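# Observations on chain architecture
Take a look at the letters that make up each chain.
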Amino acid sequence: MSSNSGSVVPTVITGVVGLAGIVGSILSARLTSRSAARNLQLSISAEGKRAHTGEKRRIYAAFNSAIEGLWIIATSSEDFTTDPGRLHYNQAMSLLWSTYYEVSLIAPGNVNTLAVDTTNVMNQFASDLRKLTGNRARHAPPGFDEKRKDLISAMRADLGEQEFR
């Protein structure tokens, strides 16, 4: 029996070491799995933030483009009482308001406040100029350029961009 017990002890030790290796592998796999899940979650979150910022950038650019479009139409020499001038004016005004509404859905309070103020100024400006002829650009609302710079600065800050003044 002593010859058998001599071969059983190493076999048992080998079995225990093997079992410990299996348990260690399982624990390691669990930790790796948790770590991979955490990394995947962080990656998805970062991608979502990049996509959200990209969407904000697109909306902000469209809004600023609509402001410029209305400015160009409003200060043109077109007759807004007949087509095609009336159509151009209505399209530009509609685009300004629709892009403002997009901004209002995604912008923080300070950007939204500046955006609605700018939209209202442009709305009033364009409405006042509808009946004028000649050089309409000289009737620019006072302080508009500064208000516009403030709006763009606030949008850039919201996007995490540096100020550009």
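Residues numbered from 1 in each chain as written. Predicted model: local features only at pLDDT ≥ 70, side-chain atom pairs only at ≥ 80, totals over all residues. Heavy atoms only, no water.

### Regarding the packing of aromatic side chains
Condition: In this scheme Phe, Tyr and Trp rings, the latter by its six-membered ring, pair at centre separations within 6.5 Å, and the angle between planes marks the pair as stacked below 30 degrees, edge-to-face above 60, and tilted otherwise. Helix and strand definitions follow DSSP, with helices as H or I runs of at least four residues and strands as E runs of at least two, each counted in order from the N terminus.
Throughout the structure, instances matching the rule amount to seven aromatic pairs. On the numbers, 4.7 Å between centres and 20° between planes, the contact of Trp 71 with Phe 125 is stacked. Note that Trp 71 is positioned in helix H1 (residues 2-74) and Phe 125 in helix H3 (residues 109-129), a separation of 54 residues in sequence. Members of the aromatic cluster, each reached through a chain of ring pairs, are Phe 63, Trp 97, Tyr 100 and Tyr 101.

### Examining a nonpolar patch on the surface
Rules: Nonpolar side chains (Val, Leu, Ile, Met, Phe, Trp, Tyr) within 5 Å and like charges within 9 Å form the patches, drawn only from residues with over 30% relative accessible area and no salt bridge. All accessible areas in this document rest on Shrake-Rupley with a 1.4 Å probe, and a residue is counted as covered only by the protein chains that are shown. In what follows, salt bridge is the name for a side-chain nitrogen of Lys or Arg lying within 4 Å of a carboxyl oxygen of Asp or Glu. Each residue's exposure class comes from its accessible area (1.4 Å probe, protein chains only) as a fraction of the maximum for that residue type: buried when under 20%, exposed when over 50%, partly exposed otherwise.
Taken together, the side chains of Leu 19, Ile 22, Val 23, Ile 26 and Leu 27 make up a nonpolar region of the molecular surface, amounting to roughly 460 Å² of accessible area. With respect to the helices and strands, Leu 19 occurs in helix H1. Look at Leu 19 and you get exposed, because its relative accessible area is 53%.

### With respect to the pattern of salt bridges
Tallied over the full model, the rule gives seven salt bridges. Here Glu 47 and Arg 50 are joined by a salt bridge, their closest N and O atoms 2.9 Å apart. With a gap of three residues between them, Glu 47 and Arg 50 both fall in helix H1, about one helical turn apart. Look at Arg 50 and you get exposed, because its relative accessible area is 52%. A salt bridge links Glu 161 to Arg 57; the nearest nitrogen and oxygen atoms lie 3.2 Å apart. Highlighted residues: Glu 161 in the segment after helix H4 (144-158) and Arg 57 in helix H1, separated in sequence by 104 residues. Given a relative accessible area of 34%, Glu 161 falls into the partly exposed group.

### Some points on the nonpolar core
The criterion, for reference: Side-chain atoms within 4.5 Å link the members of a nonpolar core, which is a set of buried Ala, Val, Leu, Ile, Met, Phe, Trp, Tyr and Cys residues. Contact criterion: two residues are considered in contact whenever any of their non-hydrogen atoms come within 4.5 Å of each other.
Counting 28 residues, the largest nonpolar core has Tyr 60, Phe 63, Leu 96, Val 103 and Val 111 as its most contacted members. For this core, the elements supplying multiple residues, two or more each, are H1, helix H2 (85-106), H3 and H4. When residues in this core are grouped by element, the largest group, eight residues, is from H1. Discounting residues that sit within four places of it in the chain, Phe 63 has contacts with Leu 96, Thr 99, Tyr 100, Val 103, Ala 115, Thr 119, Leu 151 and Met 155.

### Quick notes on H2
We apply this condition: Expected span of a helix, by definition, is 1.5 Å for each gap between consecutive residues, and there is one gap fewer than residues. To obtain the arc, one takes the directions from the helix axis to the C-beta atoms.
With 22 residues, H2 extends 32 Å between its outermost C-alpha atoms, agreeing within 8% with the 32 Å of an ideal straight helix rising 1.5 Å per residue. Here H2 has its buried residues at Gly 85, Tyr 89, Ala 92, Met 93, Leu 96, Thr 99, Tyr 100, Val 103 and Ile 106. For H2, the angular spread of the buried residues around the axis is 155°, confining them to a single face.

### Focus on the packing of H2 against H3
For any two helices packed against each other, the geometry comes down to the angle between their axes and how far apart the axes lie. Here is the rule we go by: Angles here are taken between N-to-C directions and fall from 0 to 180 degrees, while the axes themselves are lines fitted to C-alpha atoms, restricted in helices to the stretch in contact. We call two directions roughly parallel when the angle between them is under 35 degrees, roughly antiparallel when it is over 145, roughly perpendicular when it lies between 65 and 115, and oblique otherwise. In this count, Pro and Cys sit with the nonpolar residues alongside Ala, Val, Leu, Ile, Met, Phe, Trp and Tyr, while Asp, Glu, Lys and Arg are called charged and the others, Gly among them, polar.
Closest axis-to-axis distance for the H2/H3 pair is 10 Å, and the angle between their directions is 170°. If you check the angle between H2 and H3, you find them roughly antiparallel. Residues Tyr 89, Met 93, Leu 96, Trp 97, Tyr 100, Val 103 and Ser 104 of H2 lie in contact with H3, whose contacting residues are Val 111, Asn 112, Ala 115, Val 116, Thr 119, Asn 120, Met 122, Asn 123, Ala 126 and Ser 127. The residue inventory of the contact of H2 with H3, partitioned by class, reads 11 nonpolar, six polar and no charged.

These figures come from the coordinates and say nothing about function on their own.
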